[in-house]
Structures are given as C-alpha cells and as structure tokens.
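As a plain string of letters, each chain reads:
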Protein chains: 2
Amino acid sequence: MDSVSEGPDWPEMEFLFEFASNYSYLSVMRIGALARAARVRVRWRPLLLGPIFRDMGWNNSPFVLQEQKGRYVWKDWARQADKHGLAHQRPTQFPRASMLPMRVATLAQDQPWMEAFCQAVMRQNFVEDVDINDPKNVLRALRGLVDDPAVLLVRAAEEPNKSRLREQTAQAQQRGVFGAPTFFVGEEMFWGDDRLEDALAWAVKGSKSTRR
Amino acid sequence: MDSVSEGPDWPEMEFLFEFASNYSYLSVMRIGALARAARVRVRWRPLLLGPIFRDMGWNNSPFVLQEQKGRYVWKDWARQADKHGLAHQRPTQFPRASMLPMRVATLAQDQPWMEAFCQAVMRQNFVEDVDINDPKNVLRALRGLVDDPAVLLVRAAEEPNKSRLREQTAQAQQRGVFGAPTFFVGEEMFWGDDRLEDALAWAVKGSKSTRR
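Residues numbered from 1 in each chain as written. Chains lettered and ligands numbered in written order. Predicted model: local features only at pLDDT ≥ 70, side-chain atom pairs only at ≥ 80, totals over all residues.

Through backbone hydrogen bonds, the strands of a sheet pair up, either in parallel or in antiparallel fashion. Residues and elements named next belong to chain B. Taken in spatial order, the four strands line up as β2-β1-β3-β4 in an open sheet, and their pairing is mixed. One side of each edge strand has no neighbouring strand; the edge strands of this open sheet are β2 (41-46) and β4 (188-191). If you compare each strand with its neighbour and ignore which way they point, the axes differ by 25° on average. Summarising the sheet, strand β1 (residues 12-17) and β2 pair through six bridges and their orientation is parallel. Its bridge partner being in β2, Glu12 is matched across the sheet by Arg41. Strand contacts of helix α1 (residues 22-38): β1 and β2, with the helix running at about 160° to β1, the strand carrying the most contacts. (Pairing = 2+ DSSP bridges. Helix = DSSP H or I, 4+ residues; strand = E, 2+ residues; numbered from the N terminus. Axes fitted to C-alpha atoms, helices over the stretch in contact; angles between N-to-C directions. Contact = placed C-beta atoms within 7 Å.)

It is worth spelling out the packing of helix α1 (residues 22-38) of chain A against helix α10 (residues 196-209) of chain A at this point. Residues and elements named next belong to chain A. Close contact between α1 and α10 brings their axes to 11 Å; oriented N to C, the two are set at 30°. One way to sum up the angle between α1 and α10 is to call them roughly parallel. With respect to the hand of their crossing, α1 and α10 are arranged in right-handed fashion. Contact residues: α1 offers Ser27, Arg30, Ile31, Leu34, Ala35 and Ala38, while α10 offers Leu196, Leu200 and Val204. (Parallel < 35°, antiparallel > 145°, perpendicular 65-115°, else oblique. Left-handed = near helix turned anticlockwise from the far one by under 90°.)

This part takes up the interface of chain A and chain B. Between chain A and chain B, the contact holds 14 residues from the first and 14 residues from the second. Split by residue class, the side of chain A that touches chain B holds five nonpolar, three polar and six charged. (Nonpolar A, V, L, I, M, F, W, Y, C, P; charged D, E, K, R; others polar.)

So, on to the confidence of the model for chain A. Here chain A averages 94 in pLDDT, while 97% of its residues score no lower than 70. Here the prediction assigns the complex a pTM of 0.93, and the interface score ipTM is 0.91. (pLDDT = per-residue confidence, 0-100.)

Let us now look at the relation of the copies chain A and chain B. Note that the two copies of the chain are related through a rotation about an axis and a translation along the same axis. When chain A is fitted to chain B, the best match, at an RMSD of 0.0 Å, comes from turning it 180° and sliding it 0.0 Å along the axis. Seen this way, the second copy is the image of the first under a two-fold rotation axis. Relative to the rotation axis, the C-alpha of Asp194 of chain A is the closest in chain A, positioned 3.8 Å from it. When the interface residues of chain A are mapped onto chain B, 100% of them again fall at the interface, so both copies present the same face. (Least-squares fit on C-alpha atoms with pLDDT ≥ 70 in both.)

Here we come to the packing of helix α5 (residues 99-107) of chain B against helix α9 (residues 161-174) of chain B. Residue and element names in this part refer to chain B. At a closest axis distance of 9 Å, the pairing of α5 and α9 adopts a crossing angle of 90°. Considering their axes alone, α5 and α9 lie roughly perpendicular with respect to each other. Along its contact with α5, which presents Met102, Arg103, Thr106 and Leu107, the element α9 presents Asn161, Lys162, Arg164, Leu165 and Gln168. Class assignment for the residues of the contact of α5 with α9 results in three nonpolar, three polar and three charged.

Another aspect to go through is unusual backbone geometry. The amide bond that connects Glu159 of chain B to the next residue, Pro160 of chain B, takes the cis arrangement and shows omega of 5°. Topologically, Pro160 of chain B is positioned in the loop between α8 (149-156) and α9. Looking along the chain, the bond that leaves Ala180 of chain B and enters Pro181 of chain B is cis, with omega of 0°. Structurally, the position occupied by Pro181 of chain B is in the loop between α9 and β3 (182-185). In this structure, Asp129 of chain A is a non-glycine residue whose phi angle is positive, near 60°. Mapped onto the fold, Asp129 of chain A is located in the loop between α6 (114-128) and α7 (135-142).

The next thing to look at is the sheet that holds strand β2 (residues 41-46) of chain A. Residues and elements named next belong to chain A. Within the open sheet, the four strands sit side by side as β2-β1-β3-β4. Their pairing is mixed. Strands at the two margins of the open sheet, each flanked by one partner only, are β2 and β4 (188-191). In this sheet, neighbouring strand axes are inclined to one another by 20° on average, regardless of whether the strands run parallel or antiparallel.

This is the structure in structure tokens:
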C-alpha cells in the first residue's frame, strides 16, 4: 500500500460495490491506489445486487440469465484483470452468496482497514475460489485488521447494521443505481469498472472548478 | 482524414456496428483514425440489432426496456462523446429505423468510402437528429462519394444485398454477438466502444507474436 494519507481538502467519491460482482472485484483492487494518486477520498459503500436485480424483474445475475453475454463477460473480465496486472480465476459458483461479508463491510465502511478487508474477501472469491459467506473465511479476511474479529462478526449480523445495508441499497436504487460497481461524484453517476478513471477525473475537475 | 494508407501486411480487425446504436456512433467516429495510427486494417461489417435483441426476448433496445439503465446511458454517452471531442445530441427518436442506410453500408462495406459514408449517417442520427431511413438523407450522406447515388440506393434494396445483411447478422449471432459495437480480432471478441483500444492493441500484439 502506498503511504499517502488523505487530506481534509480532498474531493470525495462514493464507491458502491458488491462482493459477488466480478467487475466490482476489479474496482475493489484498483480504486485505493488510483484515488490516492489522484488525491480523491473514497467513501466505500456496500450494496446488495440481489434486490436491485429482482426489482428489474431478474431472479439472477444478467450474466447468468443472458447466455451469450454470460459467455462473453468472463473472457472480458479476465482480459481486463490481465491488463491491470490482477490475478483472476473464474469462480466455480457465480454469483456467490455474500451476505455475511457484505454486512461486515457495512459495519466497517468508514474504518481505515475497509480497503484491506474488501480486497481480502475479493481475493477469496475471484482468486482463491472459496465460499466467502463461510464465517471461517470472513474471520480469515479480518485477521490482523481488528482486535476481536468474532465480536465484530456478531455485531455485523445484528440490528441496526442489518437494516443499514438494506437501506443503503434502497437509497442507491432511488439514485438510479442498477448494477455494480457504481461511482458517484455528488449526484454524477458512473457505472462499471471501466468508468473508474473517468469518475476520479470528474472528482478532481469538480474540486478545481469550485476552489476559490 | 489522415493520409496513411493501409499496408498489405497490416493485421485485421472486424468492426460490427448498427446505425441505430448510440455507442456505435462513438466507434464509427473514432475507429478509422485510431486503426490507421495503430496500423490495423478495419473490416466494416454492418449488423442488425433488431433480430439479435428479439432472440434475447426483447422487443426493443435494452436502453428503452430498462428504465434506470436507459436514463444512465444517455448521460454516459454524452460524457464519453465529450471526452473524445465528438459532437452529440440525444436523438428525439431512439432507436431510429435504420434499414435503408444499413443496406447501403452492406453494399459498400469494402469500398474505400465506407468510413466517410458511415460517419455521415451517424452524424445525421446523433448530431443533426434527422430521420436516417429517409432516402433523401441517405442520398445526402452519399453525396460526393459515388457517381450515381440513386442507382446504388436501388441496388442496396435488392437481392442479393438484402439477404447478405441478414446473413451477416445471423453469422454474428453464431459467433456470440449480443450487442454493438463489437470488434473481432480473429475469434477474440470485444464488446463496446470502451473496448476499441483494447481490440486494436490485441490485433497489434497478435501480429507481432506471429511474425517470423
């Protein structure tokens, strides 16, 4: 990890993602370093794709429902990962159940170790190909980041944290979110890992134009 | 237009597009200059999105059928056009009927004036916001490119050209195409204007690694 620390005057960007999403994997691995280099503060915001897809009339990922597209996206995803120098393995199960690590991420979303935790979960899903909803693996992803991972796991599955994740998802839908990853700079929305650089540039440009 | 002319040893890339498609607009305007700079030959291949979408169970563009996504893509499209320095205006009708210019493009797909014709039609749809299926506008797009545009219009609407466009579309489906623009380098498929640079790089890399 680079050593730049966030400044109070850095412009902000929201980063909405889901551990089950293969393109979210790319952004989770890339966003921290890119944002620090651009001097942009990232607000990590987990959201559940399940309810979003259900409201669009889908009972599964479009990559599963649309056969042709499904075949293509795994090839594209692997090429993009190669381009960015990221390890990748197509998961034997897709999309994976992700509720437990998603809840932990919701509890941790403003913690300094959020990035490290999310990267560990994403590596489990898209490199190690293991069950990310297994408490054993969530504890492993938390190792070295918090003093008492087991307590955190219990709190993550309780109220008000459970509801918070559902509320964040509902709010995202109201703002027009239909997939992940999605980035917001104010209310300007960017969808897809391939818009990450554009979103960062937008945040930087906006902060320059409003500076007095 | 730049003055580089294609060499016989340039690697090839197929470019599948549809005049009704807003992201195809971006690629039609960009591909020629980028490919010449990369020393890649472009095979322009019109294809009809209508039958492709129907086979996926859709009776219209997904940008019309999916409300949230539809709202987003026009914003994204405008931002991408701005980024590439391209004029843009959201058409008052979308997707526009495009059969007549698509047939002309099929007849002309290997002509040296193909790029100029396609850019003219695309500007009509996405800058001037006029009916691209009106013979008057197709003739206007052909102006200065061929000696007898009216004869060409008649031939475009006859066999075997009519069937050729449908066959190209069916072949594209068999190769896994589900949208436009799509690029092929051999059988390696790339979908979306935001993969144009990747496809070109793939063509260049492939031609270098097979050179003896």
